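# Structure at a glance
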Amino acid sequence: MKATNQTDSSRRQFLKSTLFASGGLLFGINFLNAKNPLTILSEEQARSGFLNFNAFIKIAQDGKVIIYAPNPEIGQGVKTSLPMLIAEELDVAWENVIVEQAKLDIKKYKRQGAGGSKSIEFSWLPLRTSGAAAKQMLITAAAKRWKVSVKDCHAENGIVYNRRGDQLGYGELVEDATKLKVPTKIKLKDPSEFKIIGQHIKNVDLDKIVSGKPLFGLDYKIEGMFIATVIRPPSFGQKIVSFNADEAKNLSGVLNVIEFKNKIAIVGVNTWTVFKAKKLIEVKWTSNEKLESTTQQDKKMLDLVEKENPSQLKTRRKDGNVKAALDDADTIVSAVYEAPFLPHNTLEPMNFYANVTKHKVHLVGPIQTPTGAAMAVARLLGRDRDDIELEMTRIGGGFGRRLKNDFVLEAAEISHLVKKPIKMVNSREDDFANGFYRPKVKYQIKAGIKNGKVTSYYLKEIAVGGNINDSRANFFPAASIENYQIDIARIKSRVTTMAWRAPISNILAFAEQSFMDELAEELQQDPVSLRLELLKKADTSDRRMAYSPKRMEGVINLVTEKANWGEAPNGTYQGFSSYFSHNTHVALIAEVIIENQLPIVKKVYCAVDCGVVVNPLGADNQCVGGVIDGIGHAMYGDLDLKNGAAQNLNFDSYRLIRMNETPRLETYFVKSDIAPTGLGEPTLPPAGPAVANAIKAALGVRLYKQPFIKNGKLNI
Amino acid sequence: MAVFNLKVNAKSYKIDVDETTPLLWVLRDTLGLMGTKFGCGIGQCGACTIHFNGVAIRSCLLPISAIGENEIKTIEGLSENNSHPLQKAWKEVDVPQCGYCQSGQIMTAASFLNQNNKPSTEEIRNAMHGNICRCAAYNRIEDAVAKAAEEMN
Ligand code: FES
Ligand code: FES
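Residues numbered from 1 in each chain as written. Chains lettered and ligands numbered in written order. Predicted model: local features only at pLDDT ≥ 70, side-chain atom pairs only at ≥ 80, totals over all residues. Heavy atoms only, no water.

## Considerations on the overall build of chain B
Counting its regular elements, chain B contains five helices and five strands. Secondary structure of chain B in N-to-C order comes out as β-β-α-β-β-β-α-α-α-α. Its C-alpha atoms give chain B a radius of gyration of 15 Å, within 12% of the compact-globule value 15 Å for 153 residues. Along the longest, intermediate and shortest principal axes, the C-alpha atoms of chain B span 45 × 30 × 25 Å. Looking at the 153 residues of chain B, the share that counts as buried comes to 61%. Within chain B, contacts between residues at least 6 apart in sequence are counted, and of these 55% link residues at least 24 apart. Working note: accessible area of chain B is about 5500 Å², and carbon and sulfur atoms make up 47% of it. Here chain B carries 14 positive and 16 negative side-chain charges, and the mean point of each set is 3 Å from the other. (Helix = DSSP H or I, 4+ residues; strand = E, 2+ residues; numbered from the N terminus. Rg over C-alpha atoms; globule rule 2.2 N^0.38 Å. Buried < 20%, exposed > 50% of the residue type's maximum accessible area, 1.4 Å probe, protein only. Contact = heavy atoms within 4.5 Å. Areas by Shrake-Rupley, 256 points an atom, 1.4 Å probe, with all protein chains shown as cover. Lys, Arg positive; Asp, Glu negative; His and termini not counted. Charge placed at Lys NZ, Arg CZ, Asp CG, Glu CD.)

Structure, rendered in structure tokens:
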């Protein structure tokens, strides 16, 4: 199967415009008219309850196929991989597929979002089913025309054949097919029959990306549009007392300066004008309460870590009797791990277009949760949900930040107030200062060893922001240690936090996978063999258990084999880590060398079990990105707050990993026929601890705090 | 506001903007060339990289008043039909994740390969270190630059 991105973009462009313009040639078939094609259904439901799906396939007379990608593309590759699912079952040549981004349409689609690494997992059956249904209808149409039985026909690569050797292209059948009833019994392919799924398919937007075509929200432009930017409180908890915008208003090109909801919007003819005007506005801020700083928060958090059974604690999971087992232990291993707030830092700053008029509200931009955003705007403006039209652009990074719709609401409100179409644009400093950060977390872990075995495990989480939820409390090592308890507590704060790529897991894995190595050291056991031993003990009858010990073992064995675990050349030090999140199992081995007393991560081996790998090319890109992102943030990511204000406001004072600091990756996938799970997040959590464990091997130093490198030195 | 004559991608423009406006915003807001991206505005991320007489620089730091007669090239003017060896290599390797940093990466690499067409891996990694890829597609960026260098020889 060839990929789509050959130099035919002009041809496609031609095809699209002529077909759409003339109207007569392209049949827009909504094969299935019912709603909610992405409802989460079991296999049986998916097959029988087919009327719940809508394929959004258009077929032209020449056999070209347009497939609508329902979910927003944030770099996770779903604009390519989801249409692959449809094309596979529809049985068309991928070269003949044109992918288009669908608009938000809650009547047609369900879960048009990007988050939780769930798109592939939830779409696997519904989207394939919609493709298969369309194929069946095309076959039926051909059989009717030939006056033969459907059983005597089959379809392949966009052509229906019968036993006599006649053939008809989908394009010739499409008009008839649309008039047929949607079948209720849909047969999906056996994985052995896949022709597109499992192939290396390239990013459908490649041509546009490498030539700089406007694709992103920030690139959106429409006649008559103004640019707006917003001044928000520089410190969490501040209120506007007064402001002077005289100078800003006099600046040529500034249209309006208005106060709304404790913020100030500046509207003008272009971005530079409003950015410049923003700096000319003097604002007096006040605050009723004491403003927070990260050092004070650290102190509060550590107090709770130290305190026995503080009243704030809630138990998330409890097996056996941890306290008794710890009392009874020969040895107790105990450690505290710490991680800071992290901004998301999508490379494309927050922005959104809004045009609020009497007739409708038009919204365009980058959002991971378009449905929620549209509803929130309807509520904000007191409008009917049907008045809201929302278009999703390609997204210059999400990482969780664009699950929030604050910037969509701001854009809508500004447009409503100034009665103009506007695009709200943040500066990098705005994104930093007014972020929704990764929660700041500290973990205390204690484990008891008795007769050379781990008999108890206690984890206490103190967080500013999100805590461990029920499912994460059931990740490894849950169910593998008889006395096991997870307690959580939250520190109240005005600092806004939010899911950040692989929420909770991104810190929890650092704590737990570092701790596993500490336990192994105490037991004088190989860290991999300790994990394997615990996995063997895992009680698979425990229905709360989220991971699969067998699949975890599979990735561990794969990675240790590929990396020659334990046999690193002189001067190279290995660190291991494995983690399950987002229903995907991952094991990593990081290799570091030491130069000038500092670790350099040279190489990472990555083994993944995500079930069927829909697009190996895209999957590898996700895994590599996740690992390097995880390493970068574990090594350098650090956001400091003083007097309630972020102290790091741009990339000069906030370090992101750069090419000369990145390891090379080798990614391996476990061969599997199991339904696929997500890849946007699960390789990130184990990356930091694999590096921490390798650094321990290299320097004998155990890292308890992220970032690992602070002010150019190891953070110990 | 002041009037400037500007040469971008071998085309001449007359524009009337505030003289402190960085080239980045002239390209994007005035000329509608959206390939050059805004990432930080302070010269730290490389998303806004363009060629100034063939040399890669950050357009977010270059005020329009400082350009004069000099030739500006943006990603839109790098080649006809994506035929530059870097664009071809980029597609072959399937580099992008979100794609936002990519035109800046390509522009940095293009100017680098003009100066050094037989770069070592280390040289590539150092030359590209000014361009942030938040999605961390770094391995593939490195591979694509190496591939393009090979083709150019
Ligand atoms: S926007 Fe110019 S370097 Fe970041
Ligand atoms: S591909 Fe997303 S920032 Fe580079």
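Don't stop here, the text continues.
## Brief notes about the sheet that holds strand β22 (residues 573–581) of chain A
All names here are of chain A. Pairing is mixed in the open sheet, where four strands are placed in the order β22-β23-β24-β27. Each edge of the open sheet is held by one strand with a lone partner, namely β22 and β27 (664–669). Direction aside, the axes of adjacent strands within the sheet are offset by 20° on average. Sheet analysis places strand β24 (residues 598–609) next to β27, joined by six bridges and oriented parallel. Across the sheet, residue Lys 603 finds its bridge partner in β27, namely Arg 664. Sitting on the sheet, helix α17 (residues 616–636) is in contact with β23 (584–595), β24 and β27, with an inclination near 130° to β27. (Pairing = 2+ DSSP bridges. Axes fitted to C-alpha atoms, helices over the stretch in contact; angles between N-to-C directions.)

## So, the domain arrangement of chain B
All names here are of chain B. Once the domains are mapped, chain B shows domain 1 (2–75) and domain 2 (85–152). Spacing between the C-alpha centres of domain 1 and domain 2 amounts to 21 Å. Contacts between the two partners involve 17 residues from domain 1 and, on the opposite side, twelve residues from domain 2. Interface of domain 1 and domain 2: buried area, both sides summed, is about 1200 Å²; carbon and sulfur atoms make up 56% of it. Remark: the boundary between domain 1 and domain 2 carries zero salt bridges. Summed over the shared surface of domain 1 and domain 2, the number is seven residue pairs in polar contact (both at pLDDT 80 or more). Where the side of domain 1 that touches domain 2 is concerned, the elements lending two or more residues are β3 (49–52) and β4 (55–58). A class-by-class count of the residues in the side of domain 1 that touches domain 2 yields seven nonpolar, seven polar and three charged. (Domains from an automatic or database assignment. Buried area = accessible area lost by both parts, 1.4 Å probe. Salt bridge = Lys/Arg side-chain N within 4 Å of Asp/Glu carboxyl O. Polar contact = N/O pair within 3.5 Å; in protein donor to acceptor, adjacent residues only side chain to side chain. Nonpolar A, V, L, I, M, F, W, Y, C, P; charged D, E, K, R; others polar.)

## What to know about the confidence of the model for chain B
Interpretation of this model should avoid reading the predicted coordinates in detail wherever pLDDT is low. A residue-level look at chain B finds 100% of positions with pLDDT of 70 or above and a mean pLDDT of 97. At the level of chain-chain contacts, confidence expressed as ipTM amounts to 0.98, with global pTM at 0.93. (pLDDT = per-residue confidence, 0-100.)

## Structural notes on the packing of aromatic side chains
Going through the model one piece at a time under the given rule, you end up with 20 aromatic pairs over all chains. Grouped by ring-pair contacts, the aromatic residues Tyr337(A), Phe510(A), Tyr704(A) and Phe708(A) constitute a single cluster. Cation over ring: Arg438(A) sits above Trp500(A), and NZ or CZ is 5.7 Å from the ring centre. Geometry around Phe399(A) places Arg134(B) over its ring, the cationic atom sitting 3.7 Å from the centre. (Phe/Tyr/Trp six-rings, centres within 6.5 Å; stacked < 30°, edge-to-face > 60°. Lys NZ or Arg CZ within 6 Å of the ring centre and 35° of its normal.)

## Structural notes on the environment of Lys450(A)
Residues and elements named next belong to chain A. Summarising the element assignment, Lys 450 is placed in strand β19 (residues 440–450). Here Lys 450 falls in the partly exposed class, since its relative accessible area comes to 26%. A sequence separation of 73 residues divides Lys 450 from Val 377, and the C-alpha atoms of the two residues are 58 Å apart. One polar contact links the side chain of Lys 450 to the main-chain carbonyl oxygen of Asp 328, over a distance of 3.3 Å.

## Some thoughts on the domain arrangement of chain A
As a measure of interface size, the accessible area lost when the parts come together is often cited. Residue and element names in this part refer to chain A. Along its sequence, chain A is organised into domain 1 (4–210), domain 2 (217–287 + 350–425) and domain 3 (307–341 + 437–714). At the junction of the two partners, domain 1 supplies 20 residues and domain 2 supplies 16 residues. For the pair domain 1 and domain 2, the summed buried surface comes to about 1400 Å²; carbon and sulfur atoms form 55% of the total. The tally of links between domain 1 and domain 2 comes to two salt bridges.

## Observations regarding the pattern of salt bridges
Enumeration according to the criterion identifies 60 salt bridges over all chains in this entry. Here Arg140(B) makes a salt bridge to Asp620(A), at a shortest N to O gap of 2.9 Å. Residue Arg140(B) is found in helix α5 (residues 138–152), and its partner Asp620(A) is found in helix α17; the two belong to separate chains. When its relative accessible area of 22% is taken as the criterion, Asp620(A) is described as partly exposed. Ionic contacts of the salt-bridge type, sharing partners, join the residues Glu88(A), Asp91(A), Lys135(A), Glu156(A), Lys189(A) and Lys195(A) into one network.

## Details of the sheet that holds strand β10 (residues 254–260) of chain A
Residue and element names in this part refer to chain A. Reading across from one edge, β10-β11-β8-β18-β15-β16-β17 is the order of the seven strands in this open sheet, with mixed pairing throughout. Among the strands making up the open sheet, the edge pair consists of β10 and β17 (388–392). Sheet twist, expressed as the mean angle between neighbouring strand axes with direction ignored, is 20°. Relative to strand β18 (residues 422–425), strand β15 (residues 351–356) is paired through four bridges, and the arrangement is antiparallel. The residue bridging Ala 354 from the neighbouring strand is Ile 422, located in β18. Sheet strands in contact with helix α8 (residues 271–280) are β8 (226–231), β10, β11 (263–268) and β18, and its direction is about 25° off that of β8. Running at roughly 150° to β17, helix α11 (residues 370–381) makes contact with β15, β16 (361–365) and β17 of the sheet.

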